[in-house]
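Below, each chain spelled out in residue letters.
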Amino acid sequence: YFKKYFNKFSNSQKRKNCKKGQLFLNDLLNEKIKYFYFSKKNKKKLVQKKILRKNKLIKIIIFAHSFYDAPHVRGLNLFPDFFEWLNFLGKISKQTNYDWYIKPHPNYEENDVIKKFVKKFPNIKIVDVNLNNKNLAKNEFKFALTMYGSCASELPLLGIKVINASINNPHVKYNFSISPKNLNQ
C-alpha cells in the first residue's frame, strides 16, 4: 500500500518524504544506522576483500529469511514457506552455470538449517552474516534473491538486481526490484 498512500501526499510532501527516504537508505548502506531487528552481537566490522570464487560466472546471492518469522505476514508468497523457497533455489542452482552464495539473516539463529542446506546443495557457499551490502556490490554480485526482504530496496542502489519471491512484498508496485507474478516468471 506504500504507493497508494504516497500518492495521497501533496507534491511538496512527496519531495520531502523522498529526501527522507534517500537519507535513510544512505545511512543504512553506510552503516550509520541499523534496522531495529539486527542483532546487537554483530557489531564487529567485517573487512573481507574478495569472497567470491575466481571465475567469470554470474554471481547470485540468496538473502535467507529468519525461519522463525511468519512467512505470510504480508500475505501469500510464491512458496508456502522460506524452506520450500530455499529448496526451489537449490534445485535451480544445480541446473544453472552461475556462482551461487547464501547470506544468513542478520538475526541469525538457524545455523543448522543453513548448514544442512549448503550440504544438500554444495555449489552454494555461505557468506559471513556480517558482510555489508556495499561489500557485496564490490564483490560483483549481479543478482540477489529474497522473498520480501529489505535488500530489495537497498541493493538496487548499488547496482544489484533483486528478485522477490512474493506477490505481496512491500516493493511489488515499484520497478527498482523484480516481482514475478508466478513461478514460471
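Residues numbered from 1 in each chain as written. Predicted model: local features only at pLDDT ≥ 70, side-chain atom pairs only at ≥ 80, totals over all residues. Heavy atoms only, no water.

Draft legend 1. View of the overall build of the protein. Helices and strands together make up the secondary structure of the protein, namely six helices and five strands. The order of α-helices and β-strands along the protein, N terminus first, is α-α-β-α-β-α-β-α-β-α-β. By residue count, 39% of the 185 residues in the protein fall in the buried class. A separation threshold of at least 6 residues defines the contact pool for the protein, and within that pool the share at least 24 residues apart is 64%. Of the accessible surface of the protein, which amounts to about 11,600 Å², a share of 56% is contributed by carbon and sulfur atoms. (Helix = DSSP H or I, 4+ residues; strand = E, 2+ residues; numbered from the N terminus. Buried < 20%, exposed > 50% of the residue type's maximum accessible area, 1.4 Å probe, protein only. Contact = heavy atoms within 4.5 Å. Areas by Shrake-Rupley, 256 points an atom, 1.4 Å probe, with all protein chains shown as cover.)

Draft legend 2. Region of the structure containing the pairing of strand β2 (residues 99-103). Counting buried positions along β2 gives five out of five residues, so the element sits mostly inside the fold. Neither face of β2 is exposed, since D99, Y101 and K103 on one face and W100 and I102 on the opposite face are all buried. Sheet topology note: the strand β1 (residues 59-63)/β2 ladder contains five bridges and is parallel. Of the residues in β2, the one forming a bridge with F63 is K103. (Pairing = 2+ DSSP bridges.)

Draft legend 3. Structural view of the sheet that holds strand β5 (residues 161-164). Read from one edge of the open sheet, five strands run β3-β2-β1-β4-β5, paired in parallel fashion. Only two strands of the sheet have a single partner each, and these edge strands are β3 (124-126) and β5. Here the average twist between neighbouring strands, direction ignored, is 25 degrees. Pairing geometry for strand β4 (residues 143-146) and β5, over four bridges, is parallel. Residue pairing in the sheet places L145 in a bridge with I163 of β5. Contacts from helix α4 (residues 111-120) reach β2 and β3 within the one sheet, and its direction differs from that of β3 by about 150 degrees. (Axes fitted to C-alpha atoms, helices over the stretch in contact; angles between N-to-C directions.)

Draft legend 4. Structural view of helix α2 (residues 11-29). With 19 residues, α2 extends 27 Å from end C-alpha to end C-alpha; this agrees with the ideal 27 Å at 1.5 Å per step. For α2, every residue scored as buried is listed here: K14, L25, L28 and L29. For α2, the arc enclosing every buried residue in end-on projection is 90 degrees, short of the 170-degree limit, so these residues lie on one face. Pointing more than 90 degrees away from the buried face of α2 are the exposed residues R15, K16 and K20. Of the surrounding secondary structure, the elements contacted by the buried residues of α2 are α1 (2-6), α5 (133-138) and α6 (151-154). After α2 finishes, the residue E31 shows a positive phi value of roughly 55 degrees. (Expected span 1.5 Å × (residues − 1). Arc of directions from axis to C-beta.)

Draft legend 5. Structural context of the packing of aromatic side chains. Scanning the entire structure with this criterion turns up six aromatic pairs. Measuring from centroid to centroid gives 4.9 Å for F79 and F88, while their planes differ by 55 degrees, and the two rings are tilted. Looking at F79, the relative accessible area reads 8%, which means it is buried. Pairing F117 with F121 gives two aromatic rings, centres 5.2 Å apart and planes at 50 degrees, and the pair type is tilted. Considered together, F117 and F121 belong to a single accessibility category, that of buried residues. The ring of Y174 carries K3 above its face, with NZ or CZ at 5.3 Å from the centroid. (Phe/Tyr/Trp six-rings, centres within 6.5 Å; stacked < 30°, edge-to-face > 60°. Lys NZ or Arg CZ within 6 Å of the ring centre and 35° of its normal.)

Draft legend 6. Structural view of the environment of L57. Along the chain, L57 turns up in the loop between α2 and β1. The exposure class of L57 is partly exposed, given its relative accessible area of 29%. As for L57 and D99, which are separated by 42 residues in sequence, their C-alpha atoms are 5.7 Å apart. Leave out the neighbours within four places in its chain, and L57 touches N97, Y98 and D99.

Draft legend 7. Molecular detail of helix α3 (residues 82-95). Taking 1.5 Å per residue, 14 residues should reach 20 Å; α3 reaches 20 Å between its end C-alpha atoms and fits that length. Check the buried side of α3 and you find it contacts β1, β2, α4, β3 and β4.

Draft legend 8. Summary view of the nonpolar core. Ranked by size, the top nonpolar core spans 20 residues in total, and within it I62, W85, I102, F117, I124, L145 and M147 carry the most contacts. With sequence-adjacent residues up to four places away left out, I102 is seen in contact with I61, I62, A64, L86, I114, F117, V118, I124, K125, I126 and V127. (Core = buried A, V, L, I, M, F, W, Y, C linked by side-chain atoms within 4.5 Å.)

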